[in-house]
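Here is what each chain is made of, one letter per residue.
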Amino acid sequence: MALKLFQLSLLVPDYDDAISYYTRDLGFILIKDNFLSPDKRWVVVSPGGEAGLHILLAKAANENQKMAIGNQAGGRVFLFLHTDDFDADFARLTSAGVEFTRKPVQEAWGKVAVFKDKYGNLWDLIES
């Protein structure tokens, strides 16, 4: 039996705001936006379309969840975005207003920079 990780849940304060940010600013693709009830939607985005890892944008439903928005990894880098053209993607994200908290560094294994998404989650932008 083959198993693979295909989706993770990311807490956000608002569906439409999150869709706008992840698709417009980060350039992700909206995979699904299904209305389940007046207060709940199944919203899925992915940087690689259908083939990439999917992120379920989950609207925080209670105070505990609201407190975890932007801090789901306790202040560590939470998500890792791989690119095959670091310089182009770094320039594109920077021009879209994405906040880089650590500038690009060339490591022995590749190039990396850390950015903060709109909600405070830390991401590595990596080119191996």
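Since we're looking at a predicted model, the values are computed, not measured.

Asks: How do you make sense of the sheet that holds strand 3 (residues 40-46) when you look at a structure like this?
Replies: Remark on secondary structure: sheet strands pair via backbone hydrogen bonds, oriented parallel or antiparallel. The strand order 1-4-3-2 describes an open sheet built from four strands, whose pairing is mixed. The sheet terminates laterally at strand 1 (7-12) and strand 2 (29-37), the two strands that pair on one side only. Each adjacent strand pair in this sheet contributes to an overall mean axis angle of 25 degrees, direction not counted. Relative to strand 4 (residues 54-59), strand 3 is paired through three bridges, and the arrangement is antiparallel. Its bridge partner being in strand 4, Val44 is matched across the sheet by Leu56. The sheet contacts of helix 1 (residues 15-25) involve strand 1, strand 2, strand 3 and strand 4, and relative to strand 3 the element is tilted by about 5 degrees.

Asks: Would you mind showing me how to read the sheet that holds strand 7 (residues 110-116) here?
Replies: Spatial ordering of the open sheet is given by 5-8-7-6, a layout of four strands whose pairing is mixed. Only two strands of the sheet have a single partner each, and these edge strands are strand 5 (77-82) and strand 6 (99-107). Looking at each pair of strands side by side, their axes are set apart by 20 degrees on average, direction ignored. Two strands pair when backbone bridges link them, and strand 5 and strand 8 (residues 122-127) are joined in this way by five bridges, in the parallel orientation. Residue pairing in the sheet places Phe80 in a bridge with Asp124 of strand 8.

Asks: Sorry, what's going on with the nonpolar core here?
Replies: Generally speaking, a soluble globular protein has its nonpolar side chains buried in company with each other. Core analysis: the biggest nonpolar cluster contains 30 residues, and Tyr22, Leu57 and Phe115 have the highest contact counts within it. Only strand 1, helix 1, strand 3, strand 4, strand 5, helix 3 (86-95), strand 7 and strand 8 provide two or more residues apiece to this core. The biggest single contributor to this core is helix 1, with five residues. Each residue touching Phe115, except ones within four places of it in the same chain, is listed here: Leu26, Leu81, Leu93, Val98, Glu99, Phe100, Thr101, Asn121, Leu122, Trp123 and Leu125.

Asks: Is there a simple way to think about the packing of aromatic side chains in this case?
Replies: Ring pairs (aromatic) are described by centroid distance and by the angle formed between their planes. Counted under the stated rule, the structure contains ten aromatic pairs. When the ring of Phe115 is compared with that of Trp123, the centres are 5.6 Å apart and the planes differ by 15 degrees; the resulting orientation is stacked.

Asks: Can you help me understand helix 1 in this one?
Replies: The periodicity of an α-helix, 3.6 residues per turn, causes residues three or four positions apart to be oriented the same way. Within helix 1, burial applies to Tyr15, Ala18, Ile19, Tyr21, Tyr22 and Asp25. Between the side-chain oxygen at the start of helix 1 and the backbone nitrogen of Asp16 there is a gap of 3.2 Å, and the oxygen is on Asp14. Following helix 1 by one or two positions, Gly27 has its phi on the positive side, about 80 degrees.

What counts, and at which threshold
- Residues numbered from 1 in each chain as written.
- Predicted model: local features only at pLDDT ≥ 70, side-chain atom pairs only at ≥ 80, totals over all residues.
- Heavy atoms only, no water.
- Pairing = 2+ DSSP bridges.
- Helix = DSSP H or I, 4+ residues; strand = E, 2+ residues; numbered from the N terminus.
- Axes fitted to C-alpha atoms, helices over the stretch in contact; angles between N-to-C directions.
- Contact = heavy atoms within 4.5 Å.
- Core = buried A, V, L, I, M, F, W, Y, C linked by side-chain atoms within 4.5 Å.
- Buried < 20%, exposed > 50% of the residue type's maximum accessible area, 1.4 Å probe, protein only.
- Phe/Tyr/Trp six-rings, centres within 6.5 Å; stacked < 30°, edge-to-face > 60°.
- Polar contact = N/O pair within 3.5 Å; in protein donor to acceptor, adjacent residues only side chain to side chain.

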